[in-house]
Structure formats: C-alpha cells, structure tokens
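In case you want the letters, here they are:
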Amino acid sequence: MSDLSTIRREALGAVEQAADLAALDAARVAALGKKGSVTGLMKTLGDLSPEQRREFGAQVNQLKAEIEGALEARKSALSASALAARLASEKIDVTLPVRPEAQGSLHPIGQAMDEVAAIFGEMGFTWADGPDIEDDWHNFSALNIPPDHPARQMQDTFYLPPRADGTPMVLRTHTSPVQARTMLDKGVQKMLADGGSLRIIVPGRTFRIDNDATHTPMFHQVEGLVIDRTTHMGHLKGCLVDFCRAFFEVDDLPLRFRPSYFPFTEPSAEVDIGCSWKDGELRIGAGDSWLEILGSGMVHPNVIANCGLDPAIYQGFAFGMGIDRIAMLKYGIPDLRSFFDSDLRWLRHYGFSALEWPSLTGGLGR
Ligand code: 2U9
C-alpha cells in the first residue's frame, strides 16, 4: 500500500514538473514503460491470492489511468504554452514602415529625353528610332549635303568599313537619317496621301570626331520633323516657343529667331532663349543675354524630293538640339565630360527617380 502511494506521488510529481515534452516522455517511461514503477506493480499481481489480486489490481489500474490522464493534461498544457511562446517570439509588426531598398537612378540625359518627349507628345509627336550605323546616302546625300561638303570630311565623321556592295558606312553624325527613313516609309507616304500629318521626334546618340571641353565624340540630339500640306514657318515658331517655355519651365521666356543656314532647311533659323548672368551664375528667363538652344527651318524641297515626296505638295519644318547641352543648362551641370565618366557619386547626385515619369500635368523635373 505504501508502495502504491509513493509510486503515485512520484509519478504524478514527475508529470507535473516536466518542463517540456521530452521530460514528460521520460516521466511516462518511468511509470508506465517496460521497466516502469506501475508496470513493476502489475508484475507483482501474480504472486497474490485471487482476492488480494482483485482488490490490488483494481487500485493499480486506477493509478495507471490516473497517470495517463495526468500525462495527457500536462501534454496539452505544454503544447499550448509552446505555441504561445512561439506566437510571442515570431510576432510581425505589419505597421512598421518598409526598409528602404537601394534604387538606381535615371541619367540626366535620359531624363532630359523623357521630358522633351513628354512635351512634344502633348503636341502630337511620336518618338522615332533608327540605327547608329548608317550608310552615307541616308546620313548625307538624302539631306542635301553635297559630296564636297566639309561635314563629310574624314576629320569630322567616323567612317566604318564599307558594306559588301561598296556603300560607304558611317556612325551617324546627326539623327536626321531617321527622319529621312520615316518619310521614305510606304505606310507614312500613304498616311500623308490620305491627308494626315507626320509629326516625329528623334532622340538618340550621334557621333562626330571632336573631343574638347565642350565636345565629346559621342553626344545626344533630339531632332523633330513635321510634314503635311500646310505647315508653315508660323507653326515652327509657335511649336518651338511652346517647347522652350515648357522645358525650361519659364512661362514668359523670350525667344529670338536668327536667320541661319543648314543644307537640309530653307529658310533656316537658329533659336536663342533669354538669360542673364549674376555672380557667374546663369539664370534662364528675360534678361540682357541670349543662349543658343536650337537649329530649325522649313525642310528643303530637295530633301522632300529625296525622301520620295512631291515638294510641290508637301512641306513642313524640322529642328534639332543637343540634349547634353540643354540638360547641362536646365539641371546646372557645369562639365559636359562628367556625363560620360560613370562616376557613381555624380550619378547619385544628378540622377533622377526612375519611378516618376515626366509629364506636363504631373511635373517635368524632380
Ligand atoms: C530631315 C529634314 C530636315 C534637322 C535639323 C537642325 C536644324 C540643327 C543642330 C542643333 C545642334 C544639331 O545638336 S546639334 O549640333 N541641328 O540645327 N537640325 S534642322 O533637319 C532635318 C532633318 C531631317 C529629313
């Protein structure tokens, strides 16, 4: 009897004190396992008289059931507290702000191109692309640049090995061959014949043999072209006035159109914007100085004819500007060559958010 109550106390105590599932299993084995204390009591039953066996057997069975119940209860308690501990330690605060991700930025030249595209996009222009490597006909001849023109000279133009058929090849010296290719396109010619207007801008890389403080051998241009039956010099002026005021974000920006000469336009005009200098700093807007920004003109009838259209029917204007230059002016970047150094500190300083697309309504710059 004293055995029974000692075994009960020890077995239930071990169950109660088990701090984890492993300790609980050890308590189970100690009482109910093959060599356990309760199992040991079961083994003594055979030595008892039938009467004692009935009475003592019932007590041992009851003890066994009691221990099993205690084991089950302790097991649920331990599992519940283990779960509670895990829930507490793995808690996620969904209200915390997200960690900042390292993010790249847009190069000022790409930004300037996107801003220019946003402005001309509002005026109905689409973005046209073409190859960096051109044949001599699209880069020069189509544009009314004669064979002896200085721009064709070896010192100015990167010549590449000729094509298999002997055609001289160049790195394009301007984006103009893209306009020529567009005018030659049969679908575009049909659209014009049906009474439509061609309005494209051509942003892209251009190449000239030139390398000093204000020239790099690779630079960027945006050119534009409008062709239909009625577009005239007044449209050219209105379009470029609107563009310059939108791009430099100065509503009353004065513009000056100066007569000029390009082989591909007649008449031609260079466009200056008003500015002033104070303590060596440039301010764009009405002032006592002028900055040259654009070249422009009415497309030369020879160019219209070279590009497969009848100059007696079609006319229009074209313009061109250096993107690197207008980006330097707008963003206050003093050195042209820094654009192409790939200096990460410079890029972080002058770069633009890749997630904010420039628009006239949403804002052009940062
Ligand atoms: C076609 C017809 C006409 C493109 C034009 C300019 C004037 C011009 C320069 C500005 C500075 C180039 O970046 S720059 O060096 N461009 O002044 N470009 S009109 O005229 C065209 C082009 C293609 C078929």
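The rules behind each value
- Residues numbered from 1 in each chain as written.
- Predicted model: local features only at pLDDT ≥ 70, side-chain atom pairs only at ≥ 80, totals over all residues.
- Domains from an automatic or database assignment.
- Core = buried A, V, L, I, M, F, W, Y, C linked by C-beta atoms within 7 Å.
- Buried ≥ 20, exposed ≤ 12 C-beta atoms within 10 Å, placed from the backbone.
- Helix = DSSP H or I, 4+ residues; strand = E, 2+ residues; numbered from the N terminus.
- Axes fitted to C-alpha atoms, helices over the stretch in contact; angles between N-to-C directions.
- Parallel < 35°, antiparallel > 145°, perpendicular 65-115°, else oblique.
- Left-handed = near helix turned anticlockwise from the far one by under 90°.
- Contact = placed C-beta atoms within 7 Å.
- Nonpolar A, V, L, I, M, F, W, Y, C, P; charged D, E, K, R; others polar.
- Pairing = 2+ DSSP bridges.

1. Comments concerning the domain arrangement of the protein chain
Move 1: By the assigned domains, the protein chain splits into domain 1 (2-89) and domain 2 (109-350).
Move 2: In this structure, domain 1 and domain 2 have C-alpha centres spaced 93 Å apart.

2. Focus on the nonpolar core
Move 1: By size, the foremost hydrophobic cluster in this structure holds 54 residues, and its most contacted members are Val116, Leu240, Phe243, Phe247 and Val299.
Move 2: In terms of residue count, helix α9 (residues 233-248) provides more of this core than any other element does, eight residues in total.
Move 3: Counting 13 residues, the second largest nonpolar core, distinct from the first, contains Ala11, Ala14, Val15 and Ile67.

3. Brief notes about the packing of helix α3 (residues 37-44) against helix α4 (residues 50-89)
Move 1: For the pair α3 and α4, interaxial distance at closest approach is 10 Å and the crossing angle is 165 degrees. The angle between the axes of α3 and α4 places the two elements in the roughly antiparallel class. Every pair of crossing elements has a handedness; the one defined by α3 and α4 is left-handed. From α3, Val38, Leu41 and Met42 reach across to α4, where they touch Val60, Leu63, Lys64 and Ile67.
Move 2: Considered class by class, the residues forming the contact of α3 with α4 number six nonpolar, no polar and one charged.

4. Regarding the sheet that holds strand β3 (residues 133-135)
Move 1: Spatially, β3-β5-β4 is the arrangement adopted by the three strands of the open sheet, whose pairing is antiparallel. The sheet is open, and its two edges are formed by β3 and β4 (159-160), each paired on a single side.
Move 2: As defined by bridge partners, β3 adjoins strand β5 (residues 169-171) across three bridges and the pair is classed as antiparallel. Looking at the pairing, Ile133 lines up with Leu171 of β5.

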